[in-house]
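# Tertiary structure, described
The lines below spell out each chain.
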Amino acid sequence: MPDRQLRILLFGDSIFNNRKYVPEYETVLRQVESIAGGVVLGLAVDGRTTESYAVQLRDQKGLLSAKLKEKYFDDVPAAFVSLGINDVLHFMREIKVLNLFQKHDPVEVLHERTIDFMNAYEDVVAYFTEELELPTTFCTIYNSAVEDKELFSVIQGLFNDVIMKVTSRWTQTTLELRDIFTEQDDYINFVEPSANGGKKLANAIHERAVEIETYIRAIEVVGPRKTGSVDI
């Protein structure tokens, strides 16, 4: 079997598109390219929320799938999706600016927003599984250096629980970013990956992509190639 280059797709928010915050060669995208080689396509957008992405995928149904299949990849690429950090930050801002916890029961506020996040995240995972039919790794929401660490931790925990439950339901895998971003110098500001954090993330992406490629090659030996979820 001829060797194939790794093919990696990066979707989501500024965790994968931090070019505004570090030099180009230190971005997560460029560091993944440097470590992994192959073809790395960055499709992440700074500031993107899960809900806005779910709406975009619904409105442009089929367009992304057609673009990828026609223009970029003959083989199955490994897709990575990072969403959720902006949902947490926007929610924290609403709580403070609108005094939500003073005007409403805090438990109800947290519960309702968690349900909203779950519905949006479900739409995104369903799209990657059913529409794109790609082996996709969904990233958890990592720790940040925000001032209100207690509130961030509560919302982060609720949303990460959603990510784990939804991806498990769709038999997709996750990448635990809380185990990767562990030091202060992993961030360039209170939340964006620094060169150091980006390198650690790039190494983790490369390692997972190699696992996926190895699995795909193995199943090609014994039968037709599968798409969708990959059990690794």
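By convention here, each chain's residues receive numbers from 1 onward along its written sequence. With pLDDT at 70 or above as the cut-off, local features in this predicted model cover only qualifying residues; side-chain atom pairs require 80 or more to be listed or tallied, and sums for whole chains, interfaces and linings still use all residues. Where side-chain values are given, they derive from all heavy atoms of the structure, hydrogens and water being excluded.

Moving on to the side chain of threonine 114. A run of DSSP states H or I qualifies as a helix once it reaches four residues; a run of E qualifies as a strand once it reaches two. Both are numbered from the N-terminal end. With respect to the element layout, threonine 114 can be found in helix α6 (residues 106-131). Should any heavy atoms of two residues lie within 4.5 Å, those residues are counted as being in contact. Threonine 114 has contacts with Leu158, Phe159 and Val162, leaving out every residue within four places of it along the chain.

This paragraph deals with the environment of glycine 38. By the secondary structure assignment, glycine 38 is in the loop between α1 (28-36) and β2 (39-44). Placed 13 residues apart in sequence, glycine 38 and tyrosine 25 show a C-alpha to C-alpha distance of 16 Å. Ignoring any residue separated from it by four or fewer positions in sequence, one finds glycine 38 in contact with Gln5 and Leu6.

Side chains of a nonpolar character, in soluble globular proteins, are inclined to be buried together. Residues belong to one nonpolar core when they are buried, are Ala, Val, Leu, Ile, Met, Phe, Trp, Tyr or Cys, and are joined through side-chain atoms within 4.5 Å. Here's how the labels work: a residue is buried when its accessible area is under 20% of the maximum for its type, exposed when over 50%, partly exposed in between, all with a 1.4 Å probe on protein chains only. Counting 68 residues, the largest nonpolar core has Phe16, Phe128 and Leu201 as its most contacted members. At nine residues, α6 tops the list of elements feeding residues into this core. Residue contacts for phenylalanine 16: discarding those within four places in its chain leaves Leu10, Phe11, Val28, Leu29, Ala44, Phe80, Val81, Ser82, Cys139, Leu201 and Ile205.

Let's shift gears to helix α2 (residues 50-59). Taken residue by residue, α2 has Thr50, Tyr53, Ala54 and Leu57 as its buried positions. The buried residues of α2 all sit within an arc of 100 degrees when viewed along its axis, so they share a single face. Along α2, the residues that are exposed and aim more than 90 degrees away from the buried face are Glu51 and Asp59. In this description, the arc belongs to the directions extending from the helix axis to the C-beta atoms.

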